[in-house]
Amino acid sequence: MYYYILDPHNIPQKNFERQQAELQSLLTEFNVSGEMARITPLRLMQDLVDTAASRGVKTLVACGTDETFSQMLVATKDRDFTLGFIPFSKDTQLGRILGMTDLHTCVKTIASRRIEKLDLAKINDSYFLSYLELGVGEQTNKPMGFMASMRLFAGSTIDLKMRIDDSYNISSKIMGALIINTRGTEMCAGGPIGNPQDGNLDIVMIEKLSRFTAARYKQEIESGCYEKIPGATAIRCQQIEFLEPKGYKITVDGNEVARIPSGVTITAQKLRMIVGKNRTF
Amino acid sequence: MDKKEGLQNGESIVGPSVKIDGDLKSQGNLRIDGTVTGKVKTSQNLFVGESAKISADVEAENAIISGVVQGNVKVSGALVLGKTGRLVGDMSCGTLQVEEGAYFAGKCTMKDANGGIIEPIEENATKKK
């Protein structure tokens, strides 16, 4: 049985109501209807997931934004669920990664139940399937105008210090970094970096670039394909401990998830996830 | 394994501004352009770029050294010391290529096709006397 958890948070109400109605009709059409529950101030994600578990539900589907799915990951608390995601907003990071961008495709995918086991990364108490961002990494997959990007790339650098796999320390002056479980860009797809089924995290970092180089590699910077930029660093690991600069924020899709110092780990193939045909890994 | 291939296929790349302190281990191809102190070990190919400064013992299957390495280098396959390469330390390898302009100070041990170490001819001749 499917249990759909709908989250109206961060979605305009009119838009939410319309998508909910459309979803109900598509679920009936594809014969994957199940129980639907909506997050309210009195019924939080945790309550709804607990209810689903007590009813013996095996498949949970988060309907909303990336944040909805992150909340679901936290709420499942290592219980054995297959998870799905239906984006209610146009440009979600997870939607791009899983190849589920519009309602029709999502419902069709859920009906076909293509399930993949994916690695699940964790920073402090937050789980993530995609990537962590530092510095200009925060602008990944958010196209900018030329002048705005040039101003950003000319900004200050971060003196980053990390301990990797409890084996060695890295220190570098960087402009931006991504800690990738997987990334949703077709441009970088197919490479060894960002495979969510290899049990590894990939760190990609870029140092301060000249204006000319930044302009030349603007597309690579915006899509997070840092390894294609000369002088970039790419390191594969399983455990990261951010040491410095203390208090610097780490984000997922622009939302702060932790501050330095903090630790990141990955558990291989922990998550059973319904994925689309157009997934980017 | 040339520079371009190293960049494109290198699963791990240490950029020029990066400093690493400790035991750097990799399962895939490794390219180093930064500074490393400690140990470097990869089960595949290692490319040490011109800007690299390594103060560590190095182990790899194949290696191209175009930067500075201070430490012992152990390579089971081919070792290339490029024209800008500087190696201060002992090296052991399967095959060796030293380009003109390279600097090397240390002992070199190579294995013959059967995997054994060939004894110096002079030493045998002295024993007979």
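In this text the structure is predicted, and so the values were computed from the model without any measurement.

Asker: An account of the overall build of chain B is needed here, citing residue identities and associated values.
Answerer: A count of helices and strands for chain B gives two helices and 15 strands. Across the 129 residues in chain B, those meeting the buried criterion constitute 39%. Accessible surface, chain B as shown: approximately 7,200 Å² in total, 48% of it carbon and sulfur.

Asker: Give me the interface of chain B and chain A: which residues, what numbers.
Answerer: Taken together, the 15 residues of chain B in the interface contact 16 residues of chain A. Among the residues of chain B in contact with chain A, Glu11, Ile13 and Ser17 of chain B are the three that bury the most area, contributing 35% of the side total. The interface formed by chain B and chain A includes seven residue pairs in polar contact (both at pLDDT 80 or more). It is strand E2 (residues 19-26) of chain B that provides the largest number of residues to the side of chain B that touches chain A, a total of seven residues. Note: strand E9 (residues 168-174) of chain A against E2 of chain B, four bridges, orientation antiparallel. Its bridge partner lying in E2 of chain B, Ile170 of chain A is registered against Ile20 of chain B.

Asker: Could you give me a rundown of the environment of Glu17 of chain A, with the residues and numbers involved?
Answerer: Residues and elements named next belong to chain A. As for its position among the elements, Glu17 is in helix H1 (residues 13-29). Taking the relative accessible area as the measure of exposure, Glu17 reaches 35% and is therefore partly exposed. A C-alpha to C-alpha distance of 30 Å links Glu17 and Leu271, two positions 254 residues apart in sequence.

Asker: So what's going on with the packing of helix H2 (residues 45-54) of chain A against helix H3 (residues 66-76) of chain A? Residues and values would help.
Answerer: Residue and element names in this part refer to chain A. With their axes 9 Å apart at the nearest point, H2 and H3 run at an angle of 55° to one another. As judged from the angle between their axes, H2 and H3 are oblique. Seen along the crossing, H2 lies across H3 with a hand that is right-handed. Residues Met45, Gln46 and Val49 of H2 form the contact with H3, whose participating residues are Thr68, Gln71, Met72, Val74, Ala75 and Thr76. Of the residues assigned to the contact of H2 with H3, the class counts are five nonpolar, four polar and no charged.

Asker: Break down H3 of chain A for me, with residues and values.
Answerer: Taken as a whole, H3 of chain A has its buried residues at Asp66, Thr68, Phe69, Met72, Leu73, Ala75 and Thr76 of chain A. One or two residues past the end of H3 of chain A sits Lys77 of chain A, with phi positive at roughly 45°.

Asker: Got a sec to walk through the pairing of strand E11 (residues 201-206) of chain A? Specific residues and values, please.
Answerer: All names here are of chain A. Counting buried positions along E11 yields six of six residues, so the element is predominantly enclosed. Side chains Leu201, Ile203 and Met205 project from E11 onto one buried face, and the interleaved Asp202, Val204 and Ile206 project onto a second face that is buried too. One ladder, built from five bridges, connects strand E10 (residues 176-180) with E11; its direction is antiparallel. Within E11, the position partnered with Gly176 by the bridge is Ile206. Pairing between E11 and strand E12 (residues 233-237): five bridges, direction antiparallel. Of the residues in E12, the one forming a bridge with Met205 is Thr233.

Asker: Tell me about the packing of aromatic side chains, residues and numbers included.
Answerer: Given two aromatic rings, their pairing is described by the distance between the two centres and the angle made by the two planes. Applying the stated criterion across every chain, the model contains three aromatic pairs over all chains. Centroid distance Phe16 of chain A to Phe88 of chain A: 5.6 Å. Interplanar angle 70°. Geometry classified as edge-to-face. With a gap of 72 residues between them, Phe16 of chain A in helix H1 and Phe88 of chain A in the loop between strand E4 (82-87) and helix H4 (93-98) connect regions that are remote in the sequence. Stacked on the ring of Tyr103 of chain B, the Lys or Arg Arg86 of chain B has its end atom at 4.6 Å from the ring centre.

Asker: Please set out the pattern of salt bridges residue by residue, giving values where relevant.
Answerer: All names here are of chain A. Taken as a whole and judged by the stated rule, the model has 13 salt bridges over all chains. Two residues, Arg272 and Asp80, come together in a salt bridge whose shortest N-O distance is 3.1 Å. With Arg272 in strand E16 (residues 262-274) and Asp80 in the loop between H3 and E4, this residue pair connects regions lying 192 residues apart in the sequence.

Asker: Explain the packing of H1 of chain A against helix H5 (residues 103-112) of chain A to me, using residue names and the numbers behind them.
Answerer: All names here are of chain A. Look at H1 against H5: their axes get within 10 Å of each other, and the N-to-C directions meet at 35°. H5 is crossed by H1, and the crossing has right-handed handedness. Of the residues in H5, those touching H1 at Gln19, Glu22, Leu23, Leu26 and Leu27 are Leu103, His104 and Val107. A class-by-class count of the residues in the contact of H1 with H5 yields five nonpolar, two polar and one charged.

Asker: Talk me through a nonpolar patch on the surface; I want residue IDs and the actual numbers.
Answerer: The grouping of Leu96, Val98 and Met110 of chain B at the surface amounts to a nonpolar patch, some 220 Å² of accessible area in total. Locating Leu96 of chain B in the fold gives a position in strand E13 (residues 95-98).

Asker: Outline the side chain of Asn29 of chain B, supporting the account with residue identities and numerical values.
Answerer: Note that Asn29 of chain B resides in the loop between E2 and strand E3 (30-32). Side-chain polar atoms of Asn29 of chain B contact the backbone nitrogen of Asn45 of chain B, separated by 3.3 Å.

Asker: I'd like a description of the confidence of the model for chain A, backed by residues and values.
Answerer: For chain A, the mean per-residue pLDDT works out to 87, and 97% of the residues sit at or above 70. Highest mean pLDDT in chain A belongs to strand E13 (residues 239-244) of chain A (95); lowest belongs to helix H6 (residues 146-153) of chain A (72).

Asker: How would you sum up a positive patch on the surface? Please name residues and give values.
Answerer: Residues and elements named next belong to chain B. Together, Lys25, Lys39, Lys41, Lys74 and Lys111 line one region of the surface with positive charge. Of note, Lys39 is situated in strand E4 (residues 35-42). For Lys39, a relative accessible area of 48% translates into the label partly exposed.

Asker: Kindly report on the side chain of Asn200 of chain A, identifying the contributing residues and their values.
Answerer: Looking at the secondary structure, you find Asn200 of chain A in the loop between E10 and E11. In this structure, Asn200 of chain A is in contact with Asp119, Ile180, Asn195, Arg236, Cys237, Gln238 and Ile266 of chain A, ignoring residues within four places of it in sequence.

Reading the values: rules and limits
Residues numbered from 1 in each chain as written. Chains lettered and ligands numbered in written order. Predicted model: local features only at pLDDT ≥ 70, side-chain atom pairs only at ≥ 80, totals over all residues. Heavy atoms only, no water. Helix = DSSP H or I, 4+ residues; strand = E, 2+ residues; numbered from the N terminus. Buried < 20%, exposed > 50% of the residue type's maximum accessible area, 1.4 Å probe, protein only. Areas by Shrake-Rupley, 256 points an atom, 1.4 Å probe, with all protein chains shown as cover. Contact = heavy atoms within 4.5 Å. Buried area = accessible area lost by both parts, 1.4 Å probe. Polar contact = N/O pair within 3.5 Å; in protein donor to acceptor, adjacent residues only side chain to side chain. Pairing = 2+ DSSP bridges. Axes fitted to C-alpha atoms, helices over the stretch in contact; angles between N-to-C directions. Parallel < 35°, antiparallel > 145°, perpendicular 65-115°, else oblique. Left-handed = near helix turned anticlockwise from the far one by under 90°. Nonpolar A, V, L, I, M, F, W, Y, C, P; charged D, E, K, R; others polar. Phe/Tyr/Trp six-rings, centres within 6.5 Å; stacked < 30°, edge-to-face > 60°. Lys NZ or Arg CZ within 6 Å of the ring centre and 35° of its normal. Salt bridge = Lys/Arg side-chain N within 4 Å of Asp/Glu carboxyl O. Patch = residues over 30% accessible without salt bridge, like charges linked within 9 Å, V, L, I, M, F, W, Y side chains within 5 Å. pLDDT = per-residue confidence, 0-100. Lys, Arg positive; Asp, Glu negative; His and termini not counted. Charge placed at Lys NZ, Arg CZ, Asp CG, Glu CD.

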